[in-house]
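# Fold and geometry: a report
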Amino acid sequence: MSQLSSELPAFPMSKAKGCPLDPPPEYAQLRSDRPVAKARLWDGKEVWLITGYDEIRSIFTDPRISVDNTQPGYPWLSEQARTVVLTGGVKPVGRMDPPEHTAMRRMLGQGFLVKKIQNMRGDVEALVNELIDDILAGPRPTDLVPSLAMPVPSTALGWVLGVPPADKRLISLVPRLFDEDSGLEGAMEARAELFAYIDELITHRENQPGDDIISHLVGYYQKGELSRVSVLTQSVTLIAAALDTTRSMITNGILALLQHPEQAAALIEDPDLVPAAVEELLRYTVVTEFSSKRVAAADIEIAGETIKAGDGIICLISAGNRDEKVFTDPDTLDVRRDAKQHLGFGAGIHTCIGKQLARMELEVVYGTLFRRIPELRLAVPFDQLVFRNTFDVQGVRALPVTW
Ligand code: HEM
């Protein structure tokens with residue numbers, strides 16, 4: 001049965017009051033009635049919403065699907081997002097299709113080798129322990145966003161990028177880049193500063209190469225395989241893709257555990273559960289609700305519908321992660337379940353390039369925090385927490401805790 005154009009639901013849909021960590025209730029209905037369904041965007045355009053786990057995976061792995069956001073059918077969620085994202089001109093890796101994408105992933109891949117990330121684990125553990133020492137020595141309550149969730153990903157990414165250890169500019173730029181308080185003008189200013197800063201790092205690495213991503217990319221530039229502006233764009237992309245996601249996942253995961261104290265207690269009792277808990281929290285609290293946008297490059301038959309070439313598509317990861325066909329009792333947080341097949345890092349060729357790094361940081365943060373401060377609890381009622389929703393990433397603005 002085709003959907004009448006006048007009856008299409010508006011997208012995005014609101015979350016239920018008091019349930020900021022859960023997907024909007026409409027997703028479950030869509031998933032069971034019509035896992036590939038049309039909706040209407042703010043600008044009047046139609047978009048396909050994909051809510052079924054199998055259908056999302058199928059879109060993610062279909063070579064007839066494009067990520068090119070310069071296509072007219074690409075589903076933007078606001079004019080502001082379109083303006084900020086399209087400023088610049090060079091495509092970031094996440095918006096490239098093969099074969100350009102294949103080559104770029106290969107170039108970036110060297111910085112994210114599993115062994116390399118695992119070798120950083122000791123340093124991340126030392127960093128997290130130092131931050132927790134400071135939290136314990138400081139006043140109560142404290143906000144875990146600036147004291148833990150922000151410095152962990154920005155410091156670790158600084159190591160991957162090759163930022164000199166004493167240089168703290170990246171850490172200080174992050175809040176201005178991503179927080180609503182800075183407004184469009186403030187965010188654009190911070191963005192310009194970030195480009196200038198990375199440009200400086202590239203110049204430094206041209207003269208003094210190391211074993212870091214910027215040095216690897218500079219190597220490709222010096223061989224004539226990459227333009228200098230692309231080195232700059234891809235480095236900035238990593239910062240944009242890594243920091244807001246990881247800090248939001250750190251806070252949302254902690255929050256979900258504080259809301260389910262029996263699950264936090266299980267982790268404290270059995271630290272071997274931490275890796276499974278990370279996967280479960282990535283399944284349960286999706287921070288990249290709107291990130292997976294696509295455009296069909298050909299007509300595609302899926303779940304009884306025909307997506308036409310040029311149509312915009314949004315894969316709703318949070319809906320796929322709650323699909324009862326794949327996860328038993330999907331609305332229950334259970335750190336003992338095997339949730340590895342979740343879609344929290346996407347799937348297919350665009351699967352998150354930083355997932356090993358993010359997983360390692362999350363394991364260290366959740367494991368260490370609850371072991372060292374088992375009495376941790378929220379310092380304000382849950383319904384007083386304020387959630388950000390800047391662009392594609394969702395997370396809490398402040399996480400006041402006490403113990
Ligand atoms: C918990 C933290 C993170 C989450 C939940 C997350 C989630 C995701 C998701 C869902 C995608 C796929 C988007 C799509 O297919 O449309 C993605 C792609 C990507 N992520 Fe992450 N990410 C995280 C951390 C990171 C980190 C730490 C880095 C880099 C250091 C990173 C870099 C990227 C890049 C460059 C892409 C685009 C890859 C491509 O298109 O080939 N992410 N991420």
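Every chain begins its residue count from 1, and numbering advances along the sequence as written. Only residues with pLDDT of at least 70 get local features here, since the model is predicted, and only at 80 or more are side-chain atom pairs given and counted; chain-wide, interface and lining totals rely on the full set of residues. As a rule here, side-chain values cover all heavy atoms of the structure and leave hydrogens and water aside.

The pairing of strands in a sheet happens through backbone hydrogen bonds and is either parallel or antiparallel. Reading across from one edge, 4-12-9 is the order of the three strands in this open sheet, with antiparallel pairing throughout. In this open sheet, the two edge strands, each paired with only one partner strand, are strand 4 (142-143) and strand 9 (377-378). Between any two strands, pairing holds if DSSP finds at least two bridges. The helix and strand labels rest on DSSP assignments: H or I over at least four residues marks a helix, E over at least two residues marks a strand, and numbering proceeds from the N terminus.

Let's shift gears to empty space enclosed by the protein. Here a cavity means grid points, on a 1 Å grid over the protein atoms only, where a 1.4 Å probe fits yet cannot get out; a pocket means an open set of points with protein on both sides within 12 Å along at least five of seven lines; lining residues are those with an atom within 4 Å of a point. Grid points are joined across faces, edges and corners, and a volume is the space filled by probe spheres set on the points. Under the definition given, this model contains two cavities of 30 Å³ or more. A volume near 40 Å³ is recorded for the largest cavity. What lines the largest cavity is Lys15, Pro20, Leu21, Asn252, Thr285, Val286 and Gln394. Counted by class, the lining of the largest cavity contains three nonpolar, three polar and one charged residues. If you go around the second largest cavity, the residues you meet are Val145, Ala149, Arg247, Ser248, Thr251, Arg388 and Val396. For the lining of the second largest cavity, the secondary-structure elements that each account for two or more residues are helix 7 (144-149) and helix 12 (228-259). It is helix 12 that provides the largest number of residues to the lining of the second largest cavity, a total of three residues. In this count, Pro and Cys sit with the nonpolar residues alongside Ala, Val, Leu, Ile, Met, Phe, Trp and Tyr, while Asp, Glu, Lys and Arg are called charged and the others, Gly among them, polar. The residue inventory of the lining of the second largest cavity, partitioned by class, reads three nonpolar, two polar and two charged.

Quick look at the state of the cysteines now. By definition, disulfides here are pairs of cysteine sulfur atoms that lie within 2.5 Å. This model, assessed by the stated rule, comprises zero disulfides. Free of any disulfide, Cys315 has its nearest neighbouring cysteine sulfur in Cys352, separated by 16 Å.

In the region of the ligand, 29 residues are neighbours, and His101, Arg105, Arg294, His350 and Cys352 sit closest. A distance of 2.7 Å separates an oxygen atom of the ligand from a polar atom in the side chain of Arg294. Contributions of two or more residues to the shell around the ligand are made by helix 4 (100-109), helix 12 and helix 16 (355-372). Take the shell around the ligand: its biggest share by element is six residues, from helix 12. Taken together, the residues that form the shell around the ligand break down as 16 nonpolar, eleven polar and two charged. Nearness is defined per residue: one heavy atom within 4 Å of the molecule or strand is enough. Any pair of nitrogen or oxygen atoms within 3.5 Å is treated as a polar contact; in protein, a donor-acceptor pairing is required on top of that, and neighbouring residues in sequence qualify only through side-chain atoms on both sides.

Exposure classes here rest on a 1.4 Å probe applied to the protein chains alone. A residue is buried below 20% of its type maximum, exposed above 50%, and partly exposed in between. When we look at burial in helix 13 (residues 261-269), the residues that qualify are Gln263, Ala264, Ala266 and Leu267. Angular distribution of buried residues about the axis of helix 13 spans 155°; they occupy a single face of the element. Turned more than 90 degrees off the buried face of helix 13, the exposed positions are Pro261 and Glu269. In the core, the buried residues of helix 13 are packed alongside helix 12, helix 14 (274-284) and helix 16. Think of the arc as the fan of directions from the helix axis to the C-beta atoms. In what follows, residue pairs with any heavy atoms lying within 4.5 Å of each other are defined as contacts.

Only N, O and S atoms count as donors, using a 2.8 Å cut-off from the metal and 3.2 Å for Na, K and Ca, and because water is excluded some sites may appear unfinished. From the protein, the iron atom of the ligand takes a single donor atom, Cys352 (SG), 2.3 Å away. By secondary structure assignment, the location of Cys352 is in the loop between helix 15 (317-320) and helix 16.

Our focus in this paragraph is the nonpolar core. Joining through side-chain atoms within 4.5 Å is the link that ties buried Ala, Val, Leu, Ile, Met, Phe, Trp, Tyr and Cys residues into a set, and such a set is a nonpolar core. Membership of the largest hydrophobic core comes to 91 residues, with the highest contact counts inside it found for Leu148, Ile198, Ile254 and Leu376. By residue number, the principal contributor to this core is helix 12, which donates 14 residues. Beyond its immediate chain neighbours, meaning those up to four positions away, Ile198 contacts Ile214, Leu232, Ser235, Val236 and Ile239. Ile50, Ile300, Ile302 and Ile317 belong to the second-largest nonpolar core, a separate cluster that totals 19 residues.

Bringing the packing of aromatic side chains into the picture now. Each Phe, Tyr or Trp ring, with Trp reduced to its six-membered ring, pairs with another whose centre is within 6.5 Å; inter-plane angles below 30 degrees give stacked pairs, above 60 give edge-to-face pairs, and intermediate values give tilted ones. This model, assessed by the stated rule, comprises two aromatic pairs. Ring centres 5.9 Å apart and planes at 80° place the aromatic pair Tyr53 and Phe327 in the edge-to-face group. Taken together, the residues span a long stretch of sequence, with Tyr53 in helix 2 (residues 53-60) and Phe327 in the loop between helix 15 and helix 16 at a distance of 274 residues. Look at Tyr53 and you get buried, because its relative accessible area is 5%. Among the residues examined, Phe327 registers a relative accessible area of 2% and is labelled buried.

Taken in spatial order, the five strands make up an open sheet running 1-2-8-5-3, and their pairing is mixed. A strand with exactly one partner marks an edge of an open sheet, and here the two such strands are strand 1 (36-40) and strand 3 (65-66). As paired elements, strand 2 (residues 46-50) and strand 8 (residues 312-315) share three bridges and run parallel to each other. Across the sheet, residue Leu49 finds its bridge partner in strand 8, namely Ile314. Across the sheet, helix 2 lies against strand 1, strand 2, strand 3, strand 5 (293-296) and strand 8, angled at about 125° from strand 8, the strand it touches most. Each axis is a line fitted through C-alpha atoms, and for a helix only the stretch in contact is used; angles between axes span 0 to 180 degrees, taken between their N-to-C directions.

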